[in-house]
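Commentary on secondary and tertiary structure
Here is how the chains run, residue by residue.
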Amino acid sequence: MTVTQPSPSIFETLESEVRSYCRSWPVVFDRARGSRIHDEDGRTYLDFFSGAGALNYGHNNPVLKRALLDYLERDGVTHSLDMSTTAKRAFLERFQDLVLRPRGLSHKVMFPGPTGTNAVEAALKLARKVKGREAIVSFTNAFHGMSLGSLAVTGNSMKRAGAGIPLVHGTPMPFDNYFDGRVADFLWFERLLEDQGSGLNQPAAVIVETVQGEGGVNVARPEWLRGLADLCERRDMLLIVDDVQMGCGRTGSFFSFEEAGIVPDIITLSKSIGGYGLPMALTLFKPELDVWEPGEHNGTFRGHNPAFVTATAALDAYWADSDSMTKQTIARGEQTEAVLREIVAEHSGTGARHRGRGLVWGLEFDDKGWASRANARAFELGLLIETSGPQDEVLKLLPALTITADELDEGLRTLARAVRQTAQEKTNT
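Here's a quick rundown of the structure. All values derive from a computational prediction rather than experimental measurement.

**Describing the overall build of the protein chain**
Across its full length, the protein chain carries 14 helices and 17 strands. Relative to the globule expectation of 22 Å for 429 residues, the C-alpha radius of gyration of the protein chain, 22 Å, shows essentially globular dimensions. Among the 429 residues that make up the protein chain, the fraction classed as buried is 52%. In the protein chain, the share of contacts with a sequence separation of at least 24, taken over all contacts with a separation of at least 6, comes to 72%. Accessible area of the protein chain: about 19,000 Å², with a carbon and sulfur share of 50%.

Written as structure tokens, this is what we have:
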């Protein structure tokens, strides 16, 4: 079927050149429900993008929508900065009862602003304030946000270049398996910490993603994460886990680090914590780290009550019985891996490989341009999927956690078809 592309319009003539996703999917979207999104011409697409992980519960989830509409219809407070509201109280109570207490976590909750990079900036600032040091260690291929502090601990050179100024006080270390298992874990990191001549200032904290989504779906092993947590404890560094994209059940458990059995000092959440795709972010930290002065870190939109409402509804609907959601996500992940394994076997001569956890998966080929071509073909076939990695060399799958088994199978078969057609095009050229 031919895709109708919009003629030059307000998007091309007025919107900045910085726009990105619309270039991969050159249609005008109009409606969405669950795992399907429709353009203004009536064509339907299966969504394996999920708002870059902000829509774990799908588009316009009816349970969350009903809670939101009821709140708005009774003139519930919309904007409140950090004032106390009934909506915030309900969220905090449910978050404590359904997320923190069952996991034995006593972390305090901070509302830093509406986005993931706000949560990361607050985490970095707090770590430096607590430890009285400036240096932060991050990892190769990390992505933590687009504001200056977050960019300083992000690996992508193109994104870093956009800062326009030197990005300081961040030091990258090798992520898990960076040297293909040929170098012992943390050998370089610990040697630098020990060596008085290394030039590495004693870090205040280490920030890590358990699965690097934007970096190419790089999955840290549980034993590597445990080793990192141990190193942080021995060397007096705070451990920050950035769970902005991989939290809220994306990897199976609510927090992505649970499988490793570690307890980070600071945790960042955003994207799907709001439930409905509404802006919301949290910075969580152990009580002894709560050294903020009132108003020392603030933001106009840290009290977005509609997001509190949908976040609470999401917790009640999907995390009151957390085992059910976790088991479903793991089952859907196994279903995904089985098809990806078939795709890899079918294209074994291309260096195809897959990796992931829960419902985040990556498919990579030796040819660095393959992912972008397959991504374009998948769109033509009615599937939204994005690329990731430093060269956009990985097809990244982020279906909604609420996707049905049949919808997931449909999308995976469409992906297989797109990859097959991409291979045939290359053979014919």
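Picking up after the structure, the text goes on.
**Regarding the sheet that holds strand β13 (residues 353-357)**
Neighbouring strands of a sheet are bound in pairs by backbone hydrogen bonds; such pairs are parallel or else antiparallel. A sheet is described by the order of its strands in space; here four strands give the open sequence β13-β14-β17-β16, paired in antiparallel fashion. With one partner strand each, in any of the chains shown, β13 and β16 (386-388) form the two edges of the open sheet. This sheet shows a mean twist of 30 degrees between the axes of neighbouring strands, independent of strand direction.

**With respect to the pairing of strand β1 (residues 29-33)**
Relative to strand β2 (residues 36-39), β1 is paired through four bridges, and the arrangement is antiparallel. Across the sheet, the residue bridging to Phe29 is Asp39, located in β2. Linking β1 back to β2 in an antiparallel pair, the connection comprises two residues, with Gly34 at a positive phi of about 65 degrees.

**Quick word on the pairing of strand β17 (residues 394-397)**
The side-chain alternation of β17 yields two buried faces, one formed by Val394 and Lys396 and the other by Leu395 and Leu397. Of the strand pairs in this sheet, strand β14 (residues 360-364) and β17 are connected by four bridges, and their pairing is antiparallel. Along β17, the bridge assignment pairs Gly362 with Lys396.

**Thoughts on the packing of helix α9 (residues 187-194) against helix α10 (residues 222-234)**
Packing of α9 against α10 leaves a shortest axis separation of 12 Å and a crossing angle of 5 degrees. Classified by the interaxial angle, the pair formed by α9 and α10 is roughly parallel. For the pair α9 and α10, contact is made by Phe189, Glu190 and Leu193 and by Leu228, Leu231 and Arg234, respectively. Within the contact of α9 with α10, the residues separate by chemical class into four nonpolar, no polar and two charged.

**With respect to the sheet that holds strand β4 (residues 108-110)**
The strand order across the open sheet built from seven strands is β4-β12-β11-β10-β7-β5-β6, with neighbouring strands paired in mixed fashion. The open sheet is flanked by β4 and β6 (170-173), the only strands paired with a single partner. Across the sheet, the mean angle separating the axes of adjacent strands is 25 degrees when strand polarity is ignored. Pairing between β4 and strand β12 (residues 282-285): three bridges, direction antiparallel. Among the inter-strand pairings, Val109 is bridged to a residue of β12, identified as Leu284.

**Brief notes about helix α11 (residues 305-318)**
Taking 1.5 Å of rise per residue, the 14 residues of α11 would be expected to cover 20 Å, and the 20 Å separating its terminal C-alpha atoms lies within 8% of that figure. Where burial is concerned, most of α11 is hidden: twelve out of the 14 residues are buried. For α11, the complete set of buried residues consists of Asn305, Pro306, Ala307, Phe308, Val309, Thr310, Ala311, Thr312, Ala313, Ala314, Leu315 and Tyr318.

**A word on the nonpolar core**
A general tendency of soluble globular proteins is for nonpolar side chains to be buried together. Residues Phe91, Phe95, Phe189, Leu228, Phe254 and Phe255 are the most contacted members of the largest nonpolar core, which totals 58 residues. No other element matches α11, which puts eight residues into this core. Ignoring sequence-local partners within four residues, the contact set of Phe254 consists of Phe95, Val99, Arg103, Gly247, Cys248, Gly249, Leu269, Ile273, Leu315 and Trp319. Grouped together as the second largest cluster of nonpolar side chains are 26 residues, Leu340, Leu395, Ile403 and Leu412 included.

**Considerations on α9**
Among the residues making up α9, those that are buried are Phe189, Glu190, Leu192 and Leu193. For α9, the buried positions fall inside an angular range of 160 degrees around the axis, keeping them on one side. In the core, the buried residues of α9 are packed alongside β5 (136-139), β6, β7 (205-208) and α10.

**Digging into the environment of Phe365**
When you line up the elements, Phe365 lands in the loop between β14 and α13 (370-380). Sequence separation between Phe365 and Arg23 is 342 residues, and the spatial gap between their C-alpha atoms is 23 Å. Those residues in contact with Phe365 that sit more than four places away from it in its chain are His347, Thr350, Gly351, Ala352, Arg353, Trp370, Glu393 and Val419.

Rules used throughout
- Residues numbered from 1 in each chain as written.
- Predicted model: local features only at pLDDT ≥ 70, side-chain atom pairs only at ≥ 80, totals over all residues.
- Heavy atoms only, no water.
- Helix = DSSP H or I, 4+ residues; strand = E, 2+ residues; numbered from the N terminus.
- Rg over C-alpha atoms; globule rule 2.2 N^0.38 Å.
- Buried < 20%, exposed > 50% of the residue type's maximum accessible area, 1.4 Å probe, protein only.
- Contact = heavy atoms within 4.5 Å.
- Areas by Shrake-Rupley, 256 points an atom, 1.4 Å probe, with all protein chains shown as cover.
- Pairing = 2+ DSSP bridges.
- Axes fitted to C-alpha atoms, helices over the stretch in contact; angles between N-to-C directions.
- Parallel < 35°, antiparallel > 145°, perpendicular 65-115°, else oblique.
- Nonpolar A, V, L, I, M, F, W, Y, C, P; charged D, E, K, R; others polar.
- Expected span 1.5 Å × (residues − 1).
- Core = buried A, V, L, I, M, F, W, Y, C linked by side-chain atoms within 4.5 Å.
- Arc of directions from axis to C-beta.

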